[in-house]
Amino acid sequence: MTYPTLALGLVALAVAVRVLAGAVARRRGRPIPVVPTLVAAVVLLALTAAFDNVMLAVGVDDYARAHASGLAIGRAPIEDFSYPLATALLLPGVWELSRRRQHAEHEATHDAGPAEEHAAGHAGPGARRAG
Amino acid sequence: MRVAYLGALLLSGGGLALADRRWRLLFWEDARRAALVVGTGVAVLLAADLVGIAHGLFFRAPTRVMTGLLLAPELPVEEPVFLAFLSYLTMLLVRGSERVLARGGTP
């Protein structure tokens, strides 16, 4: 196995869980908002670009370059970005699925509205389904 | 400074906990669900690490900023701490922006 394969597998797993969690959350009447995931992903990818480069420069981390695709941002191999991307996609889904059912229905009635409208408004048509 | 990296992770994690407590975002919102989410992040990414290590993708270079303690071959004690930090930061960003959006811009 090469590093690109591992990275793609990890992101694919995160996407699969996210889609599944999104479907369950929608059925419970509380779709997972899209915008917070995008915010988290953008911030995490920027932080990864910065700190991965610092850490590779001082030698905290090392990796087998021969197994990487060779695509990099500075010194940071593009595959390293699969970890923050995976957490941003996966963890909001786990958070929603871990909601107790009764709790979910109760909360959906009073505080899901504005966030969701906002999310749908910014992410454009299809945002609800994409969640 | 063999504890530099571990120390930086723990210090930064402490900063996240302060923000969490101040705005009641994750552990201070629901400790059970928070532990489940962060635990899932660590478990999934640690599994990816182990797959990578087994295939010779990840190895540790000799460094002066890590303790050198290993949990498994090529798996430093710092790694799960980093993965927990990454998962915690991810969820604070998600919960924080949810909160800001829900209140129409005020944190």
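Residues numbered from 1 in each chain as written. Chains lettered and ligands numbered in written order. Predicted model: local features only at pLDDT ≥ 70, side-chain atom pairs only at ≥ 80, totals over all residues.

Enquirer: What should I look at first to understand the overall build of chain A in this one?
Expert: When you go through chain A residue by residue, the secondary structure sums to six helices and two strands. In chain A, the succession of α and β elements from N to C terminus is α-α-β-β-α-α-α-α. Counting only residues that meet the buried cut, chain A has 37% of its 131 residues in that class. Partitioning the contacts of chain A with sequence separation of at least 6, the portion at a separation of at least 24 is 78%. (Helix = DSSP H or I, 4+ residues; strand = E, 2+ residues; numbered from the N terminus. Buried ≥ 20, exposed ≤ 12 C-beta atoms within 10 Å, placed from the backbone. Contact = placed C-beta atoms within 7 Å.)

Enquirer: How should the interface of chain A and chain B be read in this particular structure?
Expert: Reports of interface size often rely on the accessible area that becomes lost once the parts have come together. Taken together, the 34 residues of chain A in the interface contact 32 residues of chain B. Elements with a minimum of two residues in the side of chain A that touches chain B: helix H1 (3-27), helix H2 (35-58), helix H3 (82-97) and helix H5 (113-123) of chain A. By residue number, the principal contributor to the side of chain A that touches chain B is H3 of chain A, which donates nine residues. Here the residues of the side of chain A that touches chain B are counted per class, giving 26 nonpolar, six polar and two charged. (Nonpolar A, V, L, I, M, F, W, Y, C, P; charged D, E, K, R; others polar.)

Enquirer: What is the right way to look at unusual backbone geometry in this model?
Expert: Excluding glycine, most residues fall at negative phi; most peptide bonds, likewise, are trans. Residue and element names in this part refer to chain B. For Arg 24, which is not glycine, the phi dihedral falls at a positive 45°. Along the chain, the position of Arg 24 falls in the loop between helix H1 (4-23) and helix H2 (31-54). For Glu 74, which is not glycine, the phi dihedral falls at a positive 70°. On the secondary structure map, Glu 74 appears in the loop between strand S1 (70-72) and strand S2 (75-76). Accessibility expressed as a C-beta count within 10 Å gives 17 for Glu 74, which makes it partly exposed.

Enquirer: Sorry if this is basic, but what is going on with the confidence of the model for chain B here?
Expert: In low-pLDDT segments, the atomic positions of the prediction should not be examined closely. Across chain B, the average pLDDT comes to 92, with 95% of residues at or above 70. Two numbers describe this predicted complex: its pTM, 0.85, and its ipTM, 0.93. (pLDDT = per-residue confidence, 0-100.)

Enquirer: Just to check I follow, could you spell out the packing of H3 of chain A against helix H3 (residues 78-102) of chain B for this structure?
Expert: Packed helices, taken two at a time, are described by the angle between their axes plus the distance between the axes. Closest axis-to-axis distance for the H3 of chain A/H3 of chain B pair is 9 Å, and the angle between their directions is 60°. If you check the angle between H3 of chain A and H3 of chain B, you find them oblique. The handedness of the crossing between H3 of chain A and H3 of chain B is right-handed. When H3 of chain A is examined against H3 of chain B, the residues Tyr 83, Pro 84, Thr 87, Ala 88, Leu 91, Pro 92 and Trp 95 of chain A are found in contact with a partner set consisting of Leu 86, Ser 87, Thr 90, Met 91 and Val 94 of chain B. (Axes fitted to C-alpha atoms, helices over the stretch in contact; angles between N-to-C directions. Parallel < 35°, antiparallel > 145°, perpendicular 65-115°, else oblique. Left-handed = near helix turned anticlockwise from the far one by under 90°.)

Enquirer: Can you help me understand the packing of H2 of chain A against H3 of chain B in this one?
Expert: The contact between H2 of chain A and H3 of chain B brings their axes to 8 Å, and the two run at 135°. As judged from the angle between their axes, H2 of chain A and H3 of chain B are oblique. In the crossing of H2 of chain A with H3 of chain B, the sense of the turn from one axis to the other is right-handed. Taken together, the residues of H3 of chain B that come into contact with H2 of chain A (itself represented by Val 35, Pro 36, Thr 37, Val 39, Ala 40, Val 43 and Leu 44 of chain A) are Thr 90, Leu 93, Val 94, Ser 97, Glu 98 and Leu 101 of chain B.

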